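Residues per chain are reported as follows:
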Amino acid sequence: MARSTGKDAQALFHSLRSAYAATPTNLKIIDLYVVFAVSTAFIQVAYMAFVGSFPFNSFLSGVLSCIGTAVLAVCLRIQVNKENKEFKLKLESIYRHKVLSGISADAERDLPAERAFADFVLCNLVLHLVIINFLG
Amino acid sequence: MAAAETFHGKTLRNAFGNVFSFFILILIGVLAFSIRLFSVIKYESVIHEFDPYFNYRVTQFLTKSGIYDFWNWFDDRTWYPLGRVIGGTVYPGLTLTAGTIWWFLNSLNVPLSVETVCVFTAPIFSAFASWATYLLTKEVKGTGAGLTAAALLAMVPSYISRSVAGSYDNEAVAIFALIFTFYLYIKTLNTGSLFYATLNAIAYFYMVCSWGGYTFIINLIPMHVLLCIVTGRYSSRLYIAYAPLVVLGTLLAALVPVVGFNAVMTSEHFASFLVFIIIHVVALVYYIKGVLSAKMFKVAVTLILSLGLIVCFAVMAVLIALVASSPTKGWSGRSLSLLDPTYASKYIPIIASVSEHQPPTWPSYFMDINVLAFLVPAGIIACFAPLSDASSFVVLYIVTSVYFSGVMVRLMLVLAPAACILSGIALSEAFEVFTRSIKFQLPGASVKPQVDAGETSSGSAIPENDVSKTDKTEDTLKERPARKNRKKDKEPVAVEKPSIKSKIEKRLLVLPLEASILAIFLLVLLGAFYVVHCVWAAAEAYSAPSIVLTSHSHDGLHVFDDFREAYAWLSHNTEVDDKVASWWDYGYQTTAMANRTVIVDNNTWNNTHIATVGTAMSSPEKAAWEIFNSLDVKYVLVVFGGLVGYPSDDINKFLWMVRIGGGVFPHIKEPDYLRDGQYRIDSQATPTMLNCLMYKLSYYRFVETDGKGFDRVRRTEIGKKYFKLTHFEEVFTTHHWMVRIYKLKPPKNRIRGKTKKSKSKSSGISPKRSGAGKKNPWH
């Protein structure tokens, strides 16, 4: 029983690794960033558990800034992922596009990576402006 | 070629429809604003009621002293001798909004007074709220439904009751913020754009600034997310709509001083964190599922499940331990009274004593949302065909708000937008069905669909009304498939073929011509009833400022301006630092209008202090004098409606004073004031009742008015007619006796020798009093 589970786990691990190896490099960079942010959050939580949460504002803003960064990066990753077909330009922009160039109506296109990154930067800006307010 | 032509026709029609709906929206905004002006026209441009006076006073302070002084404001003119930290205990959204408007207008050299800005803030924001409703409903069901819902919301009586001109209260801006936050959430959910998610968090911040009702948002959205996950509707758009909102929203909420760290410490917010964890687990599962093959995924599930369950239990245990360690299980009293409707009446009389915290009666539903109550079920059905993420949100919204409105009459306000949205959907769907069936049966129209399209592109041949109608139907037809994210596209290159096919398909669903004409007529009639009712409610029922009262009688209109008379008297005839005691209802008004220090006010943060005043009011004269004297009180203010029949006076509120006082000081017992469980003030009343301070201050010299002492509110002759006050003296009574102000007599000099004996003979209590006078530090 235990051996079969171990084997399964190994097989799973292998297939996960091979599947992950296929992901594009830019997504891998984002993943690294997410892992870094989450581990920073964990370090802070562990520190809080040992030392205590006395300046609660700094603990709160520290942990939430890490989690927030991770969440936003995950959002960015979802949006720039080519395999994700959920993000289509909205109707109006398709129409405008169509009028200009006359391509067929069902030419829906993905959210451009530039747009996704601009949103990501904006959201991060707001997040860290808020975090700054917790200083002191 | 033909395709391009029809396409151009469609864009032209689209543009025309957009312009049209833009003008409709402007008109709706004007309607929302102007229907709320009845109170200004019928009375005058004044701030209404109780809480708005406090907000007005805070706004005045803000405009005078600036934002930094506002945050640090410690108010020593209220809750004497404790004072109150206003900057840290007030929801600043409304004040900051009005202050900003005032500042902006003044910088444009428009010299409006602060009061004018405050009076008109609510109507302006109700126009914004109806536009936000349009946006929200448009996201759910298309433009037609959006316009209908906006028009309904512009004049729904429930919302009017809280946002007439002069009703300068948190709800005035909070409803706009609520709807707008929901709109941005739905928008993010539909588009999956991080930009809207950011805006959503900021709108949520504005809501947290404005009203304690923000907990409704932070619980409703997680509920919807959970619902989506459970029903298998998880998508990465859902993740983008929810996860950034929780992180950013929590941080932003913690910035508002009145919320502070409660945003992460109280149970009201825990649901969002729990769902935040769940959505991450689900997101991870979906990701792995996408990466792995089906067989490997199964293996992974069995492995992860055993591991994940342990982690889940650990997290749950930590959460439960956290919650259980706080005394009220982390819930504040008001939230608990929402979950358990009997909680307030059992434990917190001060919450139960406010009439707007009582459960509503059935007629109040009809009064407040009128025909919408009957349209809502139809709207719910329309939302289920077809069910999308957005429409399921609306359904969830109405279900929860119906429950909350059933608990507290005040939360009817949260129900109103939901009812408007669903009724708007129902009405527009009904109109769409009926107009479509008429259109297909009219001679000529059914001949060729292409002709129809060509004609519209020329535009002039068809009357405007018709264009807008076809436009609406077209719009909804177009937008729905896109919204549902259906993979099959209904509008490929060849437009004619599928459209004909779909039209034939639809012809099978056509209703008889006569029936649909009749149905449209009935629907228009229903709408007309609604409009008539709303205008009536706005003009008659909800526009009274309650600071100025009017009554119609056979000899014309009477105006009772007693409150302002009394407050003006106080501000002109008393010292600046004199303390005025009254029941807490009149605290805000006294500080704002008379500018005198009060003992308690409508911000009921200190129950003991209120109980002290309640005890004083329900004690005999001497004990009351001692309590008031120990609080430095110079004047006592009571509101008395017995002469003119004003029902919400202090005698009618008196039992609450007894209850609240008795809750802290057990020597005050409610049964002492009741004769066989009945509250009465006539000759059958108990001696405790007839000797308490409230009775005496209310009915002092009352018998002189008509010789009998007939109380027109209680419809009875009073029990004790001739009595003298020993410790208080009457200093002012307004024109209609509605407000009576008494001054505390200074303690008498101690008298020795013979005179003392004769004094003690004349009244039994005087020796005791001289003893009390000795203890008294004030003398």
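Residues numbered from 1 in each chain as written. Chains lettered and ligands numbered in written order. Predicted model: local features only at pLDDT ≥ 70, side-chain atom pairs only at ≥ 80, totals over all residues. Heavy atoms only, no water.

Under an unreviewed UniProt entry, the name given to chain B is dolichyl-diphosphooligosaccharide--protein glycotransferase, and the source organism is Parasponia andersonii. You can read under Subcellular location (unreviewed entry) in the UniProt record for chain B the words "Endoplasmic reticulum membrane". Under Subunit (unreviewed entry), UniProt gives the following word-for-word description of chain B: "Component of the oligosaccharyltransferase (OST) complex." (UniProt positions renumbered as here; feature names shortened; annotations may be inferred.)

As named in an unreviewed UniProt entry, chain A is Dolichyl-diphosphooligosaccharide--protein glycosyltransferase subunit DAD1, taken from Parasponia andersonii. Heading Pathway (unreviewed entry) of the UniProt record for chain A holds this comment: "Protein modification; protein glycosylation." Regarding chain A, the relevant UniProt record gives this comment under Subunit (unreviewed entry): "Component of the oligosaccharyltransferase (OST) complex."

Caption draft 1: The arrangement of the pairing of strand β3 (residues 549-553) of chain B in detail. Residues and elements named next belong to chain B. Alignment of β3 against strand β4 (residues 556-560), held across five bridges, turns out to be antiparallel. Paired with S551 across the bridge in β4 is H558. Adjacent in sequence and paired antiparallel, β3 and β4 are bridged by two residues. (Pairing = 2+ DSSP bridges. Helix = DSSP H or I, 4+ residues; strand = E, 2+ residues; numbered from the N terminus.)

Caption draft 2: Fine view of the side chain of E621 of chain B. Residues and elements named next belong to chain B. Assignment of secondary structure puts E621 in helix α31 (residues 621-630). You can call E621 buried: its relative accessible area is 4%. In this structure the side chain of E621 is engaged in a polar contact, spanning 2.6 Å, whose partner is the backbone nitrogen of T726. When near neighbours in sequence (up to four residues on either side) are disregarded, E621 contacts N691, L693, K696, K724, L725, T726, H727 and F728. (Buried < 20%, exposed > 50% of the residue type's maximum accessible area, 1.4 Å probe, protein only. Polar contact = N/O pair within 3.5 Å; in protein donor to acceptor, adjacent residues only side chain to side chain. Contact = heavy atoms within 4.5 Å.)

Caption draft 3: Representation of the environment of Y287 of chain B. You can see Y287 of chain B is positioned in helix α15 (residues 270-291). Separated by 51 residues in sequence, Y287 of chain B and S236 of chain B place their C-alpha atoms 9.7 Å apart. If we ignore the near neighbours within four places in the chain, the residues touching Y287 of chain B are Y20, T23 and R77 of chain A. There is a polar contact of 3.3 Å between the side chain of Y287 of chain B and the side chain of R77 of chain A.

Caption draft 4: Expanded view of unusual backbone geometry. All names here are of chain B. A cis amide bond links Y80 to the next residue, P81, at an omega of 0 degrees. Here the amide bond leading from A385 into P386 is cis, since omega sits at -5 degrees, within 30 degrees of zero. Looking at the element boundaries, P386 is found in the loop between α21 (372-384) and α22 (389-407). With a phi close to 50 degrees, E49 is a non-glycine residue in the positive phi region. Summarising the element assignment, E49 is placed in the loop between α2 (38-42) and α3 (51-65). What makes E49 partly exposed here is its relative accessible area of 39%.

Caption draft 5: Focus on helix α7 (residues 114-141) of chain B. Residues and elements named next belong to chain B. Compared with the 40 Å implied by 1.5 Å per residue over 28 residues, the 40 Å span of α7 between its first and last C-alpha is a close match. Along α7, the sharpest change in direction is near 35 degrees and occurs at T121; proline P123 comes one to four residues later. Just downstream of α7 lies G142, where phi reads positive at about 100 degrees. (Expected span 1.5 Å × (residues − 1). Bend = angle between axes of the 7 residues up to and from the residue.)

Caption draft 6: Local environment of the packing of aromatic side chains. All names here are of chain B. Applying the stated criterion to the full structure yields 44 aromatic pairs over all chains. In textbook terms, an aromatic cluster arises when at least three aromatic residues are bridged by ring pairs, as seen for F640, Y695, Y699, Y700, F702, F723, W737 and Y742. Here R36 stacks its cationic end above the ring of Y159, 4.8 Å away from the centre of that ring. Geometry around W656 places R659 over its ring, the cationic atom sitting 4.5 Å from the centre. (Phe/Tyr/Trp six-rings, centres within 6.5 Å; stacked < 30°, edge-to-face > 60°. Lys NZ or Arg CZ within 6 Å of the ring centre and 35° of its normal.)

Caption draft 7: Main features of the pairing of strand β10 (residues 728-733) of chain B. All names here are of chain B. Bridge count for β10 against strand β11 (residues 739-744) is five bridges, and the pairing is antiparallel. Looking at the pairing, E730 lines up with Y742 of β11. Linking β10 back to β11 in an antiparallel pair, the connection comprises five residues, with W737 at a positive phi of about 60 degrees.

Caption draft 8: Representation of the environment of C118 of chain B within the structure. Residues and elements named next belong to chain B. Mapped onto the fold, C118 is located in helix α7. Taking the C-alpha atoms as reference, C118 lies 9.9 Å from Y53; in sequence the two are 65 residues apart. Discounting chain neighbours no more than four positions away, the residues touching C118 are I47, Y56, T59 and Y168.

Caption draft 9: The packing of α22 of chain B against helix α23 (residues 412-441) of chain B, seen in detail. Residues and elements named next belong to chain B. Running from N to C, α22 and α23 point in directions that differ by 145 degrees, and their axes come no closer than 8 Å. Considering only the axes of α22 and α23, their crossing is left-handed. Contact residues: α22 offers V394, Y397, I398, S401, V402 and S405, while α23 offers M412, V414, L415, P417, A418, A419, I421 and L422. In the contact of α22 with α23, the residues fall into twelve nonpolar, two polar and no charged. (Axes fitted to C-alpha atoms, helices over the stretch in contact; angles between N-to-C directions. Left-handed = near helix turned anticlockwise from the far one by under 90°. Nonpolar A, V, L, I, M, F, W, Y, C, P; charged D, E, K, R; others polar.)

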